[in-house]
Structure formats: C-alpha cells, structure tokens
Amino acid sequence: MEQLIEEVAEKYKAGQVLLINKPLEWTSFDVVNKIRYSLKKYLGIKKIKVGHAGTLDPLATGLVIVCTGKATKEIDQYLGQQKRYVASVRLGATTPTLDMESEPDEVFPWEHITNERLDGTIQSFQGDIEQIPPVFSALKINGRKAYEMARKGLEVKMQPRQVTIHSMEVLESALPDFKVDVTCSKGTYIRSLARDLGTAMDSGAFLTGLVRTEIGDFKLDMAQSIETFEKKLIDLATNE
C-alpha cells in the first residue's frame with residue numbers, strides 16, 4: 001500500500017489537471033489550498049506546486065481547473081480559452097460589487113422592460129464589446145489590487161477593455177429576474193456584463209447567481225467536488 005501511495009504522489013508531482021466544481025462562498029484560492037493540503041496530508045508530499053487556471057468569484061460556483069506539479073506550467077494555456085456561464089440577473093437596482101456580496105446602492109424602474117426588449121438587448125451585446133471591469137476585482141492598478149483600494153474607500157479608475165461575447169441567449173425570464181447562457185472570451189467579467197445590460201435597457205442590474213459550465217473543451221459535468229477529491233485520497237491513505 002505504501003508503494004501505491006508513493007506512485008500516486010509521484011503522479012501528482014509529475015503533473016495532474018483536476019476539474020473541480022467550486023462550492024459557493026469558496027474562493028478559487030480556497031480550492032487550491034484545500035487540494036494542496038490534502039495532497040500533503042494523505043500522500044505525504046512535503047512540497048508541491050498547485051495553481052488554478054482562472055478565478056471564480058466567491059458567490060459563483062462551477063468549473064475550476066486546478067493544476068498540480070509540473071502541470072502548473074500549462075496554466076496559461078487554460079487561462080486563454082473561452083468560458084461559458086449561466087448567469088442569473090436582477091433588474092431594477094445596482095450594487096457596488098455588481099453582485100449580491102453588497103447591498104443595493106441605487107434603484108431604477110424596470111417595469112418598462114419587456115421580454116422583446118430583453119432579447120433585443122442581448123443580441124446587441126454579441127461580438128466584440130468594450131467593458132469596464134468591476135472596481136471590486138483582483139485586477140491591479142499601479143501594483144495594487146483594485147478591490148483592496150475600493151474597500152479602503154479610495155477612488156479607483158478602471159480602464160475599459162475589449163472582450164468578446166461569442167454567444168448569449170435568454171434561458172429563463174420572470175422579470176425583473178432573468179437567466180442567460182453566455183459564451184465569452186478570456187477576461188470577460190459577467191458582473192460587468194449584467195450591469196451593462198441593465199444600463200442598456202434604461203435600468204440597473206446586478207448578478208444574483210453565476211455558474212461556470214465550460215472552459216474550452218472541459219465541461220462542468222466532468223468535474224468532481226472537493227469532498228469527492230478528498231475522499232479518494234482518504235480511502236487510499238486508509239486502505240479502504
């Protein structure tokens with residue numbers, strides 16, 4: 001059994017690509033730290049590189065790619081792949097964080113919005129668009145993370161950048177709430193997309209839920225939970 005554990009440990013050090021379904025309220029770094037801790041604890045690995053290929057906000061769930069050992073050198077290639085999400089959006093208000101992490105700071109009328117107008121607006125956002133990233137994001141400004149500055153009450157000026165919405169369609173609509181399926185390029189912020197959809201319809205909007213369903217050819221139904229990953233290692237270590 002010790003030999004099997006050593007073989008598995010060597011496999012992770014040589015490099016593995018793990019597909020994880022991130023739990024709600026976990027950060028992507030929480031996932032990385034949990035996997036690193038589990039590998040060390042149950043396989044006896046003293047030191048191993050572990051990294052993720054694309055951040056998911058704490059209030060989002062879904063697919064996160066985690067690389068171990070020498071596979072961490074492949075992270076950049078996964079970062080550049082297109083992503084797919086199912087986003088839940090609420091019209092009629094905005095929040096500082098553009099999602100439910102903060103309370104609404106402004107309310108807007110939404111009753112004038114019809115499903116037809118929603119569909120038309122969704123169509124108009126497809127293709128290359130200019131997007132201003134959220135102030136509450138990990139993007140760095142002069143070496144400092146934007147969200148750290150924003151939480152201190154400092155003025156943060158985010159620069160617009162071009163992203164690509166490859167496709168977007170309405171899955172459900174019970175206004176002021178609706179749900180969309182979005183396929184987009186690297187660097188797209190779905191929170192910003194929700195905000196901009198609201199503005200385009202003469203209202204406000206914020207994200208109420210987000211699930212990442214695809215990264216390149218990897219799909220959410222191929223992913224395992226953190227609990228499942230850890231249990232496999234526990235079973236191996238305890239010879240069950």
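Look above for the structure.
Owing to the predicted nature of the structure, the values given are computational and were not obtained by experimental measurement. The residue numbers shown here count from 1 along each chain, following its written sequence. Thresholds applied to this predicted model are a pLDDT of at least 70 for local features of residues and 80 or more for the giving and counting of side-chain atom pairs; totals over whole chains, interfaces and linings are not thresholded and use all residues. In computing side-chain values, all of the structure's heavy atoms are included and hydrogens and water are not.

We now examine the nonpolar core. Core analysis: the biggest nonpolar cluster contains 47 residues, and Y12, I35, L39, L43, M168, I190 and L193 have the highest contact counts within it. Working definition: helices are DSSP H or I runs of at least four residues, strands are E runs of at least two. Numbering for both runs from the N terminus. Of the residues forming this core, the biggest block, six residues, is contributed by helix α2 (residues 28-43). Ignoring sequence-local partners within four residues, the contact set of L193 consists of F125, I129, Q131, I165, M168 and V182. Buried residues of nine kinds, namely Ala, Val, Leu, Ile, Met, Phe, Trp, Tyr and Cys, make up a nonpolar core once their side-chain atoms join them within 4.5 Å. Note on exposure labels: buried denotes an accessible area under 20% of the residue type's maximum, exposed denotes more than 50%, and partly exposed covers the range between, all computed with a 1.4 Å probe on protein chains only. Counting nine residues, the second-largest nonpolar core is a separate cluster that includes L19, A71, Y78 and I215. Any two residues whose heavy atoms approach within 4.5 Å at even a single point are treated as in contact.

Turning to the packing of aromatic side chains, a few remarks are in order. Pairing of aromatic side chains here covers Phe, Tyr and the six-membered ring of Trp, requires ring centres within 6.5 Å, and sorts the geometry by plane angle: under 30 degrees stacked, over 60 edge-to-face, intermediate tilted. Tallying each qualifying case throughout the model produces two aromatic pairs. Ring geometry for Y78 versus F218: centroids 5.8 Å apart, planes at 65 degrees, classification edge-to-face. One end of the pair, Y78, is in helix α3 (residues 75-79); the other, F218, is in strand β13 (residues 218-219), and 140 residues separate them in sequence.

This part covers the pattern of salt bridges. What makes a salt bridge here is a side-chain nitrogen of Lys or Arg within 4 Å of a carboxyl oxygen of Asp or Glu, nothing more. Evaluation of the coordinates by the stated rule reveals 11 salt bridges. With a closest N to O distance of 2.7 Å, D181 and R84 form a salt bridge. Taken together, the residues D181 in strand β11 (residues 177-184) and R84 in strand β4 (residues 83-91) connect sequence positions 97 residues apart. A salt bridge links E214 to K219; the shortest N-O distance between them is 3.3 Å. When salt bridges that share partners are traced, they join R84, D181, E214 and K219 into one network.

For helix α4 (residues 115-124), the complete set of buried residues consists of L118, T121 and I122. Along α4, the residues classed as buried sweep out an arc of 100 degrees about the axis, all on the same side. For α4, the exposed residues lying more than 90 degrees away from the buried face are E116, Q123 and S124. Next to the buried residues of α4 lie β10 (161-174), β11 and α6 (190-200). By arc we mean the arc of the directions from the helix axis to the C-beta atoms, nothing more.

Below, the discussion takes up the side chain of H52. Structurally, H52 can be placed in strand β2 (residues 50-52). H52 sits in the buried class, given a relative accessible area of 13%. In this view, H52 contacts S28, F29, V32, V64, I65, V66 and I75; residues no more than four positions away in its chain are not counted.

With that settled, consider the pairing of strand β3 (residues 60-68). Along any regular strand the residues' side chains alternate between the sheet's two faces. Taking burial as the measure, the nine residues of β3 include eight buried ones, the bulk of the element. In the sheet, strand β1 (residues 16-22) pairs with β3 via seven bridges, with the strands oriented antiparallel. Residue pairing in the sheet places I20 in a bridge with V64 of β3. Any two strands are treated as partners once DSSP identifies two or more bridges connecting them. Direction of pairing for β2 relative to β3: antiparallel, over a ladder of three bridges. Note that in β3 the partner of H52 across the bridge is V66. Relative to strand β12 (residues 205-215), β3 runs parallel, the two sharing three bridges. If you follow T61 over to β12, its bridge partner there is V211.

Turning next to unusual backbone geometry. Cis rather than trans, the peptide bond between L175 and P176 has omega equal to 15 degrees. Structurally, P176 can be placed in the loop between β10 and β11. The backbone phi angle of L98 is positive, close to 70 degrees, even though this residue is not glycine. Mapped onto the secondary structure, L98 falls in the loop between β5 (93-94) and β6 (106-107).

Within the fold, I65 resides in strand β3. Along the chain, I65 and F218 lie 153 residues apart, while their C-alpha atoms are 8.7 Å from each other. I65 has contacts with V17, L18, L19, G51, H52, A53, Y78, I215 and F218, leaving out every residue within four places of it along the chain.

Bringing a positive patch on the surface into the picture now. Within this analysis, patches are made of residues with over 30% relative accessible area and no salt bridge. Like charges are joined at 9 Å or less; nonpolar side chains (Val, Leu, Ile, Met, Phe, Trp, Tyr) at 5 Å or less. Computed with the Shrake-Rupley method and a 1.4 Å probe, the accessible areas treat only the protein chains shown as cover for residues. The charged-residue count follows a simple rule in which Lys and Arg add positive charge and Asp and Glu add negative charge, with His and chain termini not counted at all. Charged groups are reduced to one reference atom each: NZ for lysine, CZ for arginine, CG for aspartic acid, CD for glutamic acid. A surface patch of like charges, here positive, comprises K40, K47, K49, K70 and K73. In this structure, K70 sits in the loop between β3 and α3. Among the residues examined, K70 registers a relative accessible area of 59% and is labelled exposed.

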